[in-house]
Amino acid sequence: MLEKQKTIAEKISLQGFGLYTEKQITITFKPAPEDTGFIFIRTDIKEKICIRADFSSLLKEKIDKGIILEKNGLKIYAIEHVLSALTGMDLDNVIIELDNREPPVLDGSSKFFVEAVEKAGIIEQNAIRKYYTIKDIIYYENKKTGGEIIALPYNNFEIMIVIDSKFFVQNAILKNLNQFKKKIANSNNFCFLFKEKTKGTINSFSKEDKKMKIIENKMRSSFISIFSSNGNNDVAKHILLDSIGFLSLIRFRLKGKFIFYNPDNYIFLQLLNNLTNQINKEDKKKYIPEFNLEKKPVLDIKNIMKILPHKPPFLLVDKIIDLKNDYIIGVKNVTMNEPFFTGHFPNEPIMPGVLQIEAIAQVGGILILNRFKNPELYSTYFLKIENVKFKHKIIPGDIIIFKVHLLKSLKRGIVHMKGEGFVNKKLVVEAEVLAKIVKKK
């Protein structure tokens, strides 16, 4: 049975002091639409910039300091415990508002964030949850620290942490997220250590105490170093808590068995990079349209010329093989007889990039004009072209499959479309097009 995405039922706020800052911080959790993910918003900034918690936003050069998100120079620090709480509570979409550059540290665990989620309530959404399953063994080692990470194929989500130092050996295991609240959420070693050293409460650090906190927080890249003389039994559990926060930066839910031996943030970075690359590769493969060139076309060249005002030699689509309400698939056969090859270039014929974009626009034009009762009475005009990428050259003999999606229908006849061109199931060109539908005079 397919699982549905989840968000919280209503907004809820918490207050407390931050790990780096001296002022009291308010964090507010709000329900979010499907496929939103976890979005952080700095409400103390006039622009209220949104930063999505994913690998692309991670400040990778500062990985030794934990999870820091960055967008347009704006940073949000120390969000591991928040992300771990949201993931551990089986959520997919939440908006997190902060009035400072970090969430409140509270007791140094995910406990109070979990309690807030429970108080707000959880609701199921309509969209299906997306999973990525580990397919092959992934292994990384940091020879300097002795840290190791291994990810194994598995039909569920399981993490094991092993901490092996000269002072103590510990391990912790989470067999599924249902155990998170009871076994992991309240693990707060770091803050207990700070309390012992400062002999104060979490929310009453002096300026000097906070400096010490920052120094010790920087040591977390090796994780076990600040616990070597402490021997706290929750060390492995707290590292497991942080691990869930790191893994939540992958935009899909994960299925696999993860075994971490003396892990550090640098090998977490390697693992996240690997998983992100694998997901991107699979996404591209899934996105290649399925088609049957032998099947009778939905629209042949005669039908196309009744819809589009373009005529040969400037008609750059030969047939339409699929046509739905929000997307269309068209075909262009590239031959040496194309008039543009006379000058581009006689000795090395390559289809001009501008004509590739024109072909995308023509296929998109058919998608829109086909909805009109008398399409010949209307024309489409470019307003804007953006996010254009030419990935491979197109030469005579190639068959280009164009797939164009309708991204958004705007007012006053303006449409926003995204098109891709494929040759031999390889993406060769992509672009977004803004066009205006105008009735002919």
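This text goes with the structure placed above it.
A.B. asks: Whenever I open this one, unusual backbone geometry confuses me. Can you help?
C.D. replies: Residues other than glycine predominantly adopt negative phi, and peptide bonds predominantly adopt the trans conformation. Here Pro312 and Pro313 are connected by a cis peptide whose omega angle stands at 10°. Cis geometry is adopted by the peptide bond preceding Phe345, which originates at His344 and carries an omega value of -10°. Of note, Phe345 is situated in the loop between β17 (327-333) and α9 (353-369). The phi angle at Asn72 is positive, at roughly 55°, despite the residue not being glycine. Considering the arrangement of structural elements, one finds Asn72 in the loop between β6 (69-71) and β7 (74-76). Phi angles above zero are rare outside glycine, and Asp90 is one such case at about 65°. Relative to the helices and strands, Asp90 is located in the loop between α1 (80-88) and β8 (94-98).

A.B. asks: Help me understand α1 in this model?
C.D. replies: Because the α-helix completes a turn every 3.6 residues, residues three or four places apart line up on one side. Of all nine residues making up α1, nine are buried, and the element is well covered by its neighbours. Of all the residues in α1, the buried ones are Glu80, His81, Val82, Leu83, Ser84, Ala85, Leu86, Thr87 and Gly88. Where α1 terminates, the next one or two residues include Asp90, which has phi positive at roughly 65°.

A.B. asks: Please explain the packing of α1 against helix α2 (residues 111-120) as it appears in this structure.
C.D. replies: Angle between the axes and distance between the axes are the two parameters that describe a pair of packed helices. Running from N to C, α1 and α2 cross one another at 40°; their axes reach a closest spacing of 9 Å. Of the possible angle classes, the one that applies to α1 and α2 is oblique. In terms of crossing hand, the pair formed by α1 and α2 is right-handed. Across the interface between the two elements, His81, Val82, Ala85 and Leu86 of α1 pack against Phe113, Val114 and Val117 of α2. Residues of the contact of α1 with α2, tallied by class, amount to six nonpolar, one polar and no charged.

A.B. asks: Hey, could you run me through the pairing of strand β15 (residues 253-261) in this one?
C.D. replies: Consecutive side chains of a regular strand alternate in pointing toward one face of the sheet and then the other. One ladder, built from three bridges, connects strand β10 (residues 131-133) with β15; its direction is parallel. Note on β15: the bridge partner recorded for Tyr131 is Arg253.

A.B. asks: What exactly am I supposed to notice about the sheet that holds strand β21 (residues 426-439) here?
C.D. replies: Strand pairing in a sheet relies on backbone hydrogen bonds, with the paired strands running either antiparallel or parallel. Strand order in the open sheet made by the six strands is β16-β17-β19-β20-β21-β18, with antiparallel pairing throughout. Two strands close off the open sheet at either side, each with one partner strand: β16 (319-323) and β18 (378-390). If you compare each strand with its neighbour and ignore which way they point, the axes differ by 25° on average. Here strand β20 (residues 414-423) pairs with β21 via ten bridges, running antiparallel. Its bridge partner lying in β21, Met417 is registered against Val433. Where α9 meets the sheet, it contacts β16, β17, β18, β19 (399-409), β20 and β21, and its direction lies at approximately 130° from that of β18.

Criteria and cut-off values
- The residue numbering used here restarts from 1 in each chain and proceeds along that chain's sequence as written.
- pLDDT decides what is reported in this predicted model: residues at 70 or higher carry local features, side-chain atom pairs at 80 or more are listed and counted, and totals for whole chains, interfaces and linings draw on all residues regardless.
- Note that the side-chain values use all heavy atoms of the structure and ignore hydrogens as well as water.
- We count a stretch as a helix when DSSP gives it H or I for four or more residues in a row; a strand needs E for two or more, and each element gets its number in order from the N terminus.
- In this scheme, a residue with accessible area under 20% of its type's maximum is buried, one over 50% is exposed, and one in between is partly exposed, where area comes from a 1.4 Å probe on protein chains only.
- Every angle, taken between N-to-C directions, lies between 0 and 180 degrees, and every axis is a line fitted to C-alpha atoms, over only the stretch in contact when it is a helix.
- Our angle categories are set so that under 35 degrees counts as roughly parallel, over 145 as roughly antiparallel, 65 to 115 as roughly perpendicular, and the remainder as oblique.
- Here is the rule for handedness: rotate from the far helix to the near one, and if that takes an anticlockwise turn smaller than a right angle the crossing is left-handed, while a clockwise turn gives right-handed.
- Whether two residues touch is decided by their heavy atoms; if any such pair falls within 4.5 Å, the residues are in contact.
- The residue classification treats Ala, Val, Leu, Ile, Met, Phe, Trp, Tyr, Cys and Pro as nonpolar and Asp, Glu, Lys and Arg as charged. All others, Gly included, are polar.
- By definition, two strands form a pair when at least two bridges between them are found by DSSP.

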